[in-house]
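# Examination of the molecular architecture
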Amino acid sequence: MVEKKLQAVQKVAENEADTDSRVADARAEVDAQLAELRAEIARLTEAVSAIGTGTKAVVHSEAELLAERVRERVRTEPLSTLAVVAGASFLFGLLSRR
């Protein structure tokens, strides 16, 4: 009877050790997955930053080009430019009164 109880206690101890081992393995696997996710997030952050920097450069150059075109148009056709600005201001004034 005592031997049966000792065997039962040994089986429980073995099961607990096995469970602890599985928990440690699962924890190590989760930690490895978290490290991979952190690395992937860092790569994605760098990619988004690079895209933003490239987009900013393109927008900046397009804005400079548009501003230069407007300046050139004002130099070559000052009266027509003045008429367009006056017409747009008049329409804006009419719309803002309502």
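Above this text sits the structure in question.
About the criteria used
- Residues numbered from 1 in each chain as written.
- Predicted model: local features only at pLDDT ≥ 70, side-chain atom pairs only at ≥ 80, totals over all residues.
- Heavy atoms only, no water.
- Helix = DSSP H or I, 4+ residues; strand = E, 2+ residues; numbered from the N terminus.
- Buried < 20%, exposed > 50% of the residue type's maximum accessible area, 1.4 Å probe, protein only.
- Salt bridge = Lys/Arg side-chain N within 4 Å of Asp/Glu carboxyl O.
- Patch = residues over 30% accessible without salt bridge, like charges linked within 9 Å, V, L, I, M, F, W, Y side chains within 5 Å.
- Areas by Shrake-Rupley, 256 points an atom, 1.4 Å probe, with all protein chains shown as cover.
- Contact = heavy atoms within 4.5 Å.

### Observations concerning the overall build of the chain
Of the regular secondary structure elements, the chain holds 2 helices and 0 strands. Buried positions account for 1% of the 98 residues belonging to the chain.

### Considerations on the pattern of salt bridges
For the coordinates displayed, the defined rule picks out 5 salt bridges. The partner of R75 in a salt bridge is E68, and the shortest N-O contact between them spans 3.8 Å. Residue classification places E68 among the partly exposed residues on the basis of a relative accessible area of 37%. Note that R75 and E72 form a salt bridge whose closest N and O atoms lie 3.5 Å from each other. With R75 and E72 both in helix α1 (residues 2–76), this residue pair falls 3 residues apart, about one helical turn. On the basis of relative accessibility, which here comes to 54%, the residue R75 falls in the exposed class.

### A word on a nonpolar patch on the surface
Together, V30, L34 and L37 make up a nonpolar patch on the protein surface, roughly 250 Å² of accessible area in all. Tracing the sequence through the fold places L34 in helix α1. The class for L34 is partly exposed, based on a relative accessible area of 37%.

### A short note on the side chain of T81
Among the secondary structure elements, T81 is positioned in helix α2 (residues 78–97). Assessed through its relative accessible area of 18%, T81 is described here as buried. Residues contacting T81, with those up to four places away along its chain left out, are R73 and V74.

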